[in-house]
Amino acid sequence: MNQFSFEYPLLLGSILLFLVCARWCRERSRAIYFPHVAQLLARSTSKSSLLGWLKWVGILAAVVALASPVITKTYSNTKKEGRDIVLIIDASDSMRQRGFDPNDIFKNKFDVVKEVVVDFIDKRENDRLGMVTFADVAFISSPLTFEKDFLKNITQMQKLGMAGKRTAINDAIVQSYNILSKSKAKSKIAILLTDGIDNMSKVPFPELKSMIEKRDIKLYTIGIGSQRDYNGQYLQALALAGKGEAYGARNAETLSKIYEEINKLEVTKIDDKKIVQHTYLYTYPLFLAILSLLFFIYFRSAKGV
C-alpha cells in the first residue's frame, strides 16, 4: 500500500507567513530581512508578473522541500510454513461393517471415513496432502499435492476391494514414509486409520518400529470401531515410536472430533512481517526552487537591473 505524506508537515504553515509578509510588510522586508533584494525587483508591470511567478514558485517549492514529502510503501511479507501430510486409509473388507454412524446405520465404515477425510482435506491450508490406501497391498492413491479438489475426488473414488480384503498396516506405513522421506517440508505427518489388525504385511513390526524412530516424521494412529476389532496397544506403540498420538473412535462423531483435534495440533505456522519503505521526494521541489531562483536572477540580470 502506497501513502503520500510529509515528514515535517508543520513547516507548510510557513507559507502563510510569506503571504502575510507579501501583503503587509513588503517594504520593511526589503530593508530589514533582504537588504539586497531591491536589485532583483522588476521595473515594469510585465517584468513584475514574470518575476512574481518565479519568486512564488521558488518560495512554495522551497517550503515543500523543507517539509520533506515522502511516499511510504508497506509490504506484507507473510511466510506460511505448511506441512506435508499423508493420509493412510484402510480399505480392507472389515470396513464394510455398517452402523458406525448412528445417524445413518446403512452407511459402512468406509463411506463414513471418506466423508470425514474429505472434510479434513477441506480444512487444511498451505499444506500438501497425499494418500496411501491399503488392504492386501498398499498403494499410493495420490502423491503429495496442493490440489485439494483433486485429492477429494480421489478420496471419493476409493472403493472397497480395490486392494484386497486383508490388512497390511506395516506396508502402508512404509509406503507413506517413503513418500515423506522425499519431502523438504520442515514438518512431515502421517495419519493412519484402520479398523483391523495387521495380518498381511511383509515388513515385520521390529523393522518398522526402528524405521519410524529414525525418521523425522510424526505419526498419528486412529483405530475405529470396537477395540476388539483393532489392536489398541499396537497402534499406541506405533504412535509412540512416531512421536505422535493414538486415538480410538467408536462412531462417526468421535472420528470427526479426532481429525479436528489433529487439525488443531498441526496448525500451519504463519510468520507475518511488515516491511516499510520510505521514498523521499524533497529533491524534486528543491530542484524546482533552485531552478526558479536561477531564472529569477537571470531575467533580472538580463533586464539590466
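First things first, this report covers the structure right here in the doc. This one's a predicted model, so the numbers in the text were calculated from it and none came from an experiment.

Reading guide: rules and limits
- Residues numbered from 1 in each chain as written.
- Predicted model: local features only at pLDDT ≥ 70, side-chain atom pairs only at ≥ 80, totals over all residues.
- Heavy atoms only, no water.
- Helix = DSSP H or I, 4+ residues; strand = E, 2+ residues; numbered from the N terminus.
- Expected span 1.5 Å × (residues − 1).
- Buried < 20%, exposed > 50% of the residue type's maximum accessible area, 1.4 Å probe, protein only.
- Contact = heavy atoms within 4.5 Å.
- Salt bridge = Lys/Arg side-chain N within 4 Å of Asp/Glu carboxyl O.
- Core = buried A, V, L, I, M, F, W, Y, C linked by side-chain atoms within 4.5 Å.
- Axes fitted to C-alpha atoms, helices over the stretch in contact; angles between N-to-C directions.
- Parallel < 35°, antiparallel > 145°, perpendicular 65-115°, else oblique.
- Left-handed = near helix turned anticlockwise from the far one by under 90°.
- Nonpolar A, V, L, I, M, F, W, Y, C, P; charged D, E, K, R; others polar.

Side note on helix H6 (residues 169-181)
Taking 1.5 Å per residue as the helical rise, H6 with its 13 residues ought to reach 18 Å, and the 18 Å between its terminal C-alpha atoms agrees with that figure. Of all the 13 residues making up H6, ten are buried; the element is thus mostly covered by neighbouring parts of the structure.

Quick notes on the environment of Phe-287
Locating Phe-287 in the fold gives a position in helix H10 (residues 283-302). Separated by 225 residues in sequence, Phe-287 and Ala-62 have C-alpha atoms that sit 8.7 Å apart.

Some words on the environment of Phe-205
Tracing the backbone shows Phe-205 in helix H7 (residues 205-214). Measuring from C-alpha to C-alpha, the distance between Phe-205 and Ala-237 comes to 9.9 Å, with 32 residues separating the pair along the chain. Every residue in contact with Phe-205, bar those within four places of it in the chain, is listed here: Asn-170, Tyr-234, Ala-237 and Leu-238.

Some points on the pattern of salt bridges
A side chain of one charge can pair with a side chain of the opposite charge if their charged atoms are brought near each other. For the coordinates displayed, the defined rule picks out eleven salt bridges. Among the ionic pairs, Lys-123 bridges to Glu-260, the shortest N-O distance being 2.7 Å. Highlighted residues: Lys-123 in helix H4 (residues 109-123) and Glu-260 in helix H9 (residues 252-265), separated in sequence by 137 residues. A relative accessible area of 39% places Lys-123 in the partly exposed class.

Brief notes about the nonpolar core
Formed by 30 residues in total, the largest nonpolar core has its most connected members in Leu-87, Ile-191, Ile-222, Ile-224, Leu-255 and Tyr-259. Elements with a minimum of two residues in this core: strand S3 (83-90), H4, strand S4 (128-134), strand S6 (187-194), strand S7 (218-224), strand S8 (246-249) and H9. Apart from the residues within four sequence positions on either side, Ile-191 is in contact with Ile-85, Val-86, Leu-87, Ile-88, Phe-120, Tyr-220, Ile-222, Tyr-259 and Ile-262.

Topic: the packing of H6 against H7
Put simply, H6 and H7 touch, their axes get as near as 10 Å, and they point 25 degrees apart. Between H6 and H7, the angle is such that the two are roughly parallel. Where H6 crosses over H7, the two elements pack in a sense that is left-handed. Residues Asn-170, Ile-173, Val-174 and Tyr-177 of H6 touch H7, and the partners they reach there are Phe-205, Leu-208, Met-211 and Ile-212. Here the residues of the contact of H6 with H7 sort into seven nonpolar, one polar and no charged.

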